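Take a look at the letters that make up each chain.
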Amino acid sequence: MKKKIVLKAHMVCDKCRTKALTVAASVDGVELVTIQGEDKDQLVVVGEGVDASSLTEKLRKKVGWTVIITIEDVKPPEPEEKKPSNEETKDEPKIQCMNCPCYAGCGPVVAYDIVYDSQPNCSIM
């Protein structure tokens, strides 16, 4: 099951943020790492089988003090039900006459493609 771990770390400059992102991304099972918060001091890690305590310990060694804020299970997105659109519910598509200047739909226009076969019907075996 995927988990979402939110950590608060001591990140005051871009170099610290880059280092924290690198350390968090190197942990096994991590799929997504982002930075959030007003001060950009919260690290959000999403992954499967991620050990939050070992991740926190690694961040403390490389970046500075780090605190776990929340750990949540990520629910998979529910499949959306396919709603029939207006085009699928119509019986026949509306065809407009292009010869009339008004384009007012002078009735259904039926078009056929004529295919000429230049090859005689024979097979070579």
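Below you will find a few notes about this structure. All residue numbers refer to position in the chain's written sequence, counted from 1. Since the coordinates come from a predicted model, pLDDT governs what is reported: local features require at least 70, and pairs of side-chain atoms require 80 or more to be given and counted, while whole-chain, interface and lining totals use all residues. Hydrogen atoms and water are omitted, and side-chain values are computed over all heavy atoms in the structure.

1. What to know about the nonpolar core
No. 1: We call a set of buried residues a nonpolar core when its members are Ala, Val, Leu, Ile, Met, Phe, Trp, Tyr or Cys and they connect through side-chain atoms within 4.5 Å of each other. Note on exposure labels: buried denotes an accessible area under 20% of the residue type's maximum, exposed denotes more than 50%, and partly exposed covers the range between, all computed with a 1.4 Å probe on protein chains only. Counting 18 residues, the largest nonpolar core has L43, L55 and L59 as the members making the most contacts within it.
No. 2: Among the secondary structure elements, those contributing two or more residues to this core are strand 1 (2-9), helix 1 (14-25), strand 2 (30-36), strand 3 (42-48) and helix 2 (52-62).
No. 3: Only runs of H or I of at least four residues qualify as helices and only runs of E of at least two qualify as strands under DSSP, and these elements are numbered from the N terminus. A total of 4 residues in this core trace back to one element, the largest contributor, which is helix 1.
No. 4: We call two residues contacting when some pair of their heavy atoms lies within 4.5 Å. Those residues in contact with L43 that lie beyond four places of it in its chain are I5, V6, L7, A20, L21, A24, V33, T34, I35 and L59.

2. A look at the pattern of salt bridges
No. 1: Between Lys or Arg on one side and Asp or Glu on the other, a salt bridge is scored when a side-chain nitrogen of the former is within 4 Å of a carboxyl oxygen of the latter. Here the structure, examined in full by the defined rule, presents 4 salt bridges.
No. 2: Measuring nitrogen to oxygen at the nearest pair gives 3.6 Å for the salt bridge that ties D41 to K8. Pair noted here: D41 is in the loop between strand 2 and strand 3 and K8 is in strand 1, with a separation of 33 residues, a long-range link.
No. 3: Since its relative accessible area comes to 32%, K8 is described here as partly exposed.
No. 4: Two residues, D14 and R17, come together in a salt bridge whose shortest N-O distance is 3.1 Å. Residue D14 and its partner R17 are both found in helix 1; the two are separated by 3 residues, about one turn of the helix.

3. Re the sheet that holds strand 2
Consider a sheet: its strands pair through backbone hydrogen bonds, and that pairing is either parallel or antiparallel.
No. 1: Whether two strands pair depends on DSSP finding at least two bridges between them. A sheet is described by the order of its strands in space; here 4 strands give the open sequence 2-3-1-4, paired in antiparallel fashion. Of all the strands in the sheet, the pair left with one neighbour each is strand 2 and strand 4 (66-73). Taken over all neighbouring pairs, the strand axes of this sheet differ in orientation by 20 degrees on average, direction set aside.
No. 2: With 7 bridges connecting them, strand 1 and strand 3 associate as antiparallel partners. In the strand pairing of strand 3, K2 is matched with E48.
No. 3: Axes, fitted as lines to C-alpha atoms, cover a helix only where it is in contact. Angles between the N-to-C directions of the axes lie from 0 to 180 degrees. Sheet strands in contact with helix 2 are strand 1, strand 3 and strand 4, and its direction is about 155 degrees off that of strand 4.

4. Examining helix 2
No. 1: For helix 2, the set of buried residues is A52, L55, T56 and L59. The buried side chains of helix 2 occupy one side of the element, clustering within an arc of 100 degrees when seen end-on.
No. 2: The inward-facing, buried residues of helix 2 contact strand 1, helix 1, strand 3 and strand 4.
No. 3: Following helix 2 by one or two positions, G64 adopts a phi angle in the positive range, close to 145 degrees. When we speak of the arc, we mean the arc of directions from the helix axis to the C-beta atoms.

5. Notes on the packing of helix 1 against helix 2
No. 1: At their nearest, the axes of helix 1 and helix 2 sit 10 Å apart, and the two run at 145 degrees to each other. Relative to helix 2, helix 1 is oriented so that their crossing is right-handed. For the pair helix 1 and helix 2, the contacting residues are K19, A20, V23 and A24 in the first and L55, K58, L59 and K62 in the second.
No. 2: In this classification, the charged set is Asp, Glu, Lys and Arg, the nonpolar set is Ala, Val, Leu, Ile, Met, Phe, Trp, Tyr, Cys and Pro, and all remaining amino acids, among them Gly, are polar. When the residues that make up the contact of helix 1 with helix 2 are grouped by side-chain class, the tally is 5 nonpolar, no polar and 3 charged. Put simply, a crossing is left-handed when the front helix is turned counterclockwise from the back one by less than a right angle, and right-handed when it is turned clockwise.

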